[in-house]
Amino acid sequence: MNETSYLLYLISFVLGSVVGLVLSYQKYKSPFAIDKIDVLAMIIAIIGWFLTLNSPLLTFIPSYVSIAIGLFLVAMVLGMRPGYGRYETIIGLVVGGIIWLLRTVAL
């Protein structure tokens, strides 16, 4: 890894956070959701964590591209307005982590 990759990851994460915050303020009008899971945000979180943790599985694109896209998607869910996105992030992290664990144990 070189400094350019880290800069790409950082920019991707910051842009994802800003996009997630803007979109969540447009989508949700109430300040806090209790025990409500957004299916679209959960799918985005699962895809994001999968791309971030399991980039070697995708051999048709460079790993730094898949990690940058994954970080952007993860940051979209993490950057949602306060009270939203926490359950989706945990579910996405668990699913991505299980796939990563199965990949590392099986290989």
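The present account deals with the structure reproduced in this document. Quantities reported herein were computed from a predicted structural model and do not represent experimental measurements.

**Points about helix α2 (residues 39-53)**
- Under the 1.5 Å per step criterion, the end-to-end length of α2 is 21 Å for 15 residues, consistent within 8% with the ideal 21 Å.
- Listing the buried residues of α2 in full gives Ala41, Ala45, Gly48, Trp49, Leu51 and Thr52. The arc enclosing the buried residues of α2, seen along the axis, measures out at 160°, which places them on a common side. Facing away from the buried side of α2 by over 90 degrees, the exposed positions are Val39 and Leu40.
- Contacts from the buried residues of α2 go to α3 (63-78) and α4 (86-106).

**Some thoughts on the pattern of salt bridges**
- The tally for this structure, following the rule as stated, stands at one salt bridge.
- In this structure, Asp38 and Lys27 form a salt bridge, with 2.8 Å as the shortest nitrogen-oxygen distance. One end of the pair, Asp38, is in the loop between α1 (3-27) and α2; the other, Lys27, is in helix α1, and eleven residues separate them in sequence.
- In this structure Lys27 comes out as partly exposed when scored by relative accessible area, which is 45%.

**Section: α1**
- Taking 1.5 Å of rise per residue, 25 residues should cover 36 Å, and α1 covers 36 Å from first to last C-alpha, within 8% of that figure.
- Along α1, the residues classified as buried are Ser5, Tyr9, Ser12, Gly16, Gly20 and Ser24.
- At its buried positions, α1 is contacted by α3.

**Side note on the packing of aromatic side chains**
- Inspection of every chain in the model, using the stated rule, returns two aromatic pairs.
- Each ring, one from Tyr6 and one from Tyr9, has its centre 6.3 Å from the other, and the planes form 80°; the classification is edge-to-face. Taken together, the residues span about one helical turn, with Tyr6 and Tyr9 both in helix α1 at a distance of three residues.
- Judged by centre distance (4.1 Å) and plane angle (10°), the ring pair of Tyr28 and Tyr84 falls under stacked.

Cut-off values and rules
Residues numbered from 1 in each chain as written. Predicted model: local features only at pLDDT ≥ 70, side-chain atom pairs only at ≥ 80, totals over all residues. Heavy atoms only, no water. Helix = DSSP H or I, 4+ residues; strand = E, 2+ residues; numbered from the N terminus. Expected span 1.5 Å × (residues − 1). Buried < 20%, exposed > 50% of the residue type's maximum accessible area, 1.4 Å probe, protein only. Arc of directions from axis to C-beta. Contact = heavy atoms within 4.5 Å. Salt bridge = Lys/Arg side-chain N within 4 Å of Asp/Glu carboxyl O. Phe/Tyr/Trp six-rings, centres within 6.5 Å; stacked < 30°, edge-to-face > 60°.

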